[in-house]
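# Summary of structural features
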Amino acid sequence: MAALPHLITVAEFRELPEGGNFAYELHHGEVVAMTRPKARHWKLQDRLNRILEPKLKSFGRTATEIPYRPLAEFEMRAADVAVVSHPRWDAIDPDGDLFGAPELVIEIKSPSNTRKQLQELVTLCLANGTVQCWIVDTKKKTVTVIERNGATATYGSGTEVPLAAFGSDCLAVDE
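Rules used in this analysis
Residues numbered from 1 in each chain as written. Predicted model: local features only at pLDDT ≥ 70, side-chain atom pairs only at ≥ 80, totals over all residues. Heavy atoms only, no water. Helix = DSSP H or I, 4+ residues; strand = E, 2+ residues; numbered from the N terminus. Buried < 20%, exposed > 50% of the residue type's maximum accessible area, 1.4 Å probe, protein only. Contact = heavy atoms within 4.5 Å. Polar contact = N/O pair within 3.5 Å; in protein donor to acceptor, adjacent residues only side chain to side chain. Pairing = 2+ DSSP bridges. 1 Å grid on protein atoms, 1.4 Å probe; cavity = no way out; pocket = protein on both sides within 12 Å on 5 of 7 lines; lining within 4 Å. Points joined across faces, edges and corners; volume = space filled by probe spheres on them. Nonpolar A, V, L, I, M, F, W, Y, C, P; charged D, E, K, R; others polar. Axes fitted to C-alpha atoms, helices over the stretch in contact; angles between N-to-C directions.

## Notes on unusual backbone geometry
In this structure, His28 is a non-glycine residue whose phi angle is positive, near 55°. Mapped onto the fold, His28 is located in the loop between β1 (22–27) and β2 (30–35). A residue is classified by how much of its surface remains accessible, and His28, at 42% relative accessible area, is partly exposed. Here Lys141, not a glycine, exhibits a phi torsion of approximately 55°, which is positive. Its place among the elements puts Lys141 in the loop between β7 (132–137) and β8 (142–147).

In C-alpha cells, the structure reads:
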C-alpha cells in the first residue's frame, strides 16, 4: 500500500521560508512552486487593476496578488487580479486572511497553466464565493468569463465584458 502524502495546513505553510526563484501556494494541502511572472504578466495585472478599480469602486476593492483561502485548512492561493466586496474587505483580520474566494478572480493564462489546472481553479473559486472567474488569454486576445451558474462566454477584440454583476457597465477587451 502506498503511503499517503503529508498534508500541510495553512498554519504550517505560513512557517515555511519565503523568497527565491518561486512563489508558493498551497493546493489541497500540498506546497506548489509557482514561477515568478515575467514583465508582460505583471504589467497586465497592473493594467487590469487600474482599469477595473474606478469601474468597480462602488462594489469593492480591486488588487493584484490577493492571497485567499477558498477552503479554510488546506488551501492558500493568490489571484492575479481580484475584486473583493467592501463588507468582506473590511472584515479581513489585518493579521489573517481572506476566507473564501474573492467575488471576481482573474487569472492571466501563462504558458505553464494547463487546461486541467485552470478548470480546477475555476471550480474551486466558484464553489467558495466567487461570482465570476475570468481567464485572460493574451495570445488569443480573449477573456473567458465563467459564472457561478455555469454560464460561460468568451469575449474577443472589439467586444466588451459586462460588469453588471458588480454594479458597473462593461470593460472593452481591447483595453
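## Side note on the environment of Val143
Tracing the backbone through its elements, the reader meets Val143 in strand β8. Between the C-alpha atoms of Val143 and Ile106, which are 37 residues apart in sequence, the distance is 9.4 Å.

## Regarding the environment of Ser168
Tracing the backbone through its elements, the reader meets Ser168 in the loop between β10 (160–162) and β11 (170–172). Judged by relative accessible area, which is 18%, Ser168 ranks as buried. C-alpha of Ser168 to C-alpha of Ile51: the two residues are 117 residues apart in sequence and 12 Å apart in space. In this view, Ser168 contacts Lys55, Leu56 and Leu163; residues no more than four positions away in its chain are not counted. One polar contact links the side chain of Ser168 to the main-chain carbonyl oxygen of Lys55, over a distance of 3.0 Å.

## Quick notes on the pairing of β7
A large share of β7 lies buried, amounting to 6 of its 6 residues. What you see with β7 is no split at all: Gln132, Trp134 and Val136 on one side and Cys133, Ile135 and Asp137 on the other are buried throughout. Relative to β7, strand β6 (residues 104–108) runs parallel, the two sharing 5 bridges. From the neighbouring strand, Val105 faces β7, where its bridge partner is Cys133. Relative to β8, β7 is paired through 6 bridges, and the arrangement is antiparallel. Each residue of the ladder has a partner; that of Val136, found in β8, is Val143. Counting the residues that bridge the hairpin from β7 to β8 gives 4 residues, and of these Lys141 lies at a positive phi of roughly 55°.

## Overview of the layout of surface pockets
The calculated volume of the largest pocket comes to roughly 1600 Å³. What lines the largest pocket is a set of 49 residues, and nearest its centre among them are Glu25, Met34, Thr35, Pro37 and Asp80. Listing elements by their share of the lining of the largest pocket, those giving two or more residues are α1 (10–14), β1, β2, α2 (39–56), β3 (60–69), β4 (77–85), β6 and α4 (115–126). The residue makeup of the lining of the largest pocket, split by class, is 21 nonpolar, 11 polar and 17 charged.

## Concerning the sheet that holds strand β9 (residues 152–155)
The 7 strands lie next to each other as β5-β3-β4-β6-β7-β8-β9, forming an open sheet whose pairing is mixed. Here the strands that pair on one side only, and so sit at the sheet edges, are β5 (98–99) and β9. Looking at chain direction, β3 and β4 are connected through 8 bridges and run antiparallel. From the neighbouring strand, Thr64 faces β4, where its bridge partner is Val81. Against the sheet, α2 engages β3, β4, β6 and β7, with an angle of about 130° to β3. Across the sheet, α4 touches β3, β4, β6, β7 and β8, and the angle it forms with β7 is around 155°.

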